[in-house]
Amino acid sequence: GSDDIIAGNVSKYIVLPAAYSGQPKKGHLVFDACFESGNLGRVEHITEFEYDLFIRPDTCNPRFRVWFNFTVENVKESQ
């Protein structure tokens, strides 16, 4: 569930639709939070325009998730 502990950050994680096989193409988003202050722990593909993002809790207070810091690459126009 959403209360599961997320230990690390995603690192150049390519999110593909469940039924897709083959090389990633434009529009298959690449998430990255593997840098200082990055805190994206998990990403799940819902639709081409919708993703569930799981933010790691703050380092000094695991009850809170008051900020987010990650990058997204490989977007296509109008996505």
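Note that the coordinates shown come from a computational prediction; the quantities given were computed from them, not determined experimentally.

The final tally for this structure, using the stated rule, is three aromatic pairs. Geometrically, the ring pair formed by F31 and F70 is tilted, given 6.2 Å between the ring centres and 45° between the ring planes. A residue pair is termed long-range when its members are at least 10 positions apart, and F31 in strand β2 (residues 30-32) and F70 in the loop between β4 (50-55) and β5 (71-73) qualify at 39 residues. F31 sits in the buried class, given a relative accessible area of 2%.

A separate point is the UniProt feature "domain: Cytosolic carboxypeptidase N-terminal" (unreviewed entry) in the protein chain. Under the UniProt annotation, the feature "domain: Cytosolic carboxypeptidase N-terminal" (unreviewed entry) is placed at residues 32-77. Split by type, residues 32-77 is 0% helix and 39% strand. Its first and last C-alpha atoms lie 20 Å apart.

One pass over the structure, following the stated rule, counts three salt bridges. Ionic pairing is found between K12 and E73, a salt bridge with its closest N-O pair at 2.8 Å. Of this pair, K12 sits in the segment before β1 (13-14) while E73 sits in strand β5, and the two are 61 residues apart along the sequence. Among the ionic pairs, K76 bridges to E48, the shortest N-O distance being 2.6 Å. Residue K76 is located in the segment after β5, and its partner E48 is located in the loop between β3 (40-47) and β4; the two are separated by 28 residues in the primary sequence.

What follows concerns a nonpolar patch on the surface. A cluster of nonpolar residues, F64, V66 and W67, forms a patch on the protein surface that exposes about 290 Å² of accessible area. Counting through the fold element by element, F64 comes out in the loop between β4 and β5. F64 sits in the partly exposed class, given a relative accessible area of 38%.

Grouped together as the largest cluster of nonpolar side chains are nine residues: V10, V15, L29, F31, A33, L40, V43, Y51 and I55. Those residues in contact with L40, other than ones at most four positions away along the chain, are G8, N9, V10, F31, A33, L53, F54, I55, N69 and F70.

All right, on to the side chain of H28 then. The residue H28 is located in the loop between β1 and β2 in this model. H28 sits in the buried class, given a relative accessible area of 7%. The residues touching H28, leaving out its near neighbours within four places in the chain, are I14, V15, L16, P17, Y20, E73 and N74.

Criteria and cut-off values
- Residues numbered from 1 in each chain as written.
- Predicted model: local features only at pLDDT ≥ 70, side-chain atom pairs only at ≥ 80, totals over all residues.
- Heavy atoms only, no water.
- Phe/Tyr/Trp six-rings, centres within 6.5 Å; stacked < 30°, edge-to-face > 60°.
- Helix = DSSP H or I, 4+ residues; strand = E, 2+ residues; numbered from the N terminus.
- Buried < 20%, exposed > 50% of the residue type's maximum accessible area, 1.4 Å probe, protein only.
- UniProt positions renumbered as here; feature names shortened; annotations may be inferred.
- Salt bridge = Lys/Arg side-chain N within 4 Å of Asp/Glu carboxyl O.
- Patch = residues over 30% accessible without salt bridge, like charges linked within 9 Å, V, L, I, M, F, W, Y side chains within 5 Å.
- Areas by Shrake-Rupley, 256 points an atom, 1.4 Å probe, with all protein chains shown as cover.
- Core = buried A, V, L, I, M, F, W, Y, C linked by side-chain atoms within 4.5 Å.
- Contact = heavy atoms within 4.5 Å.

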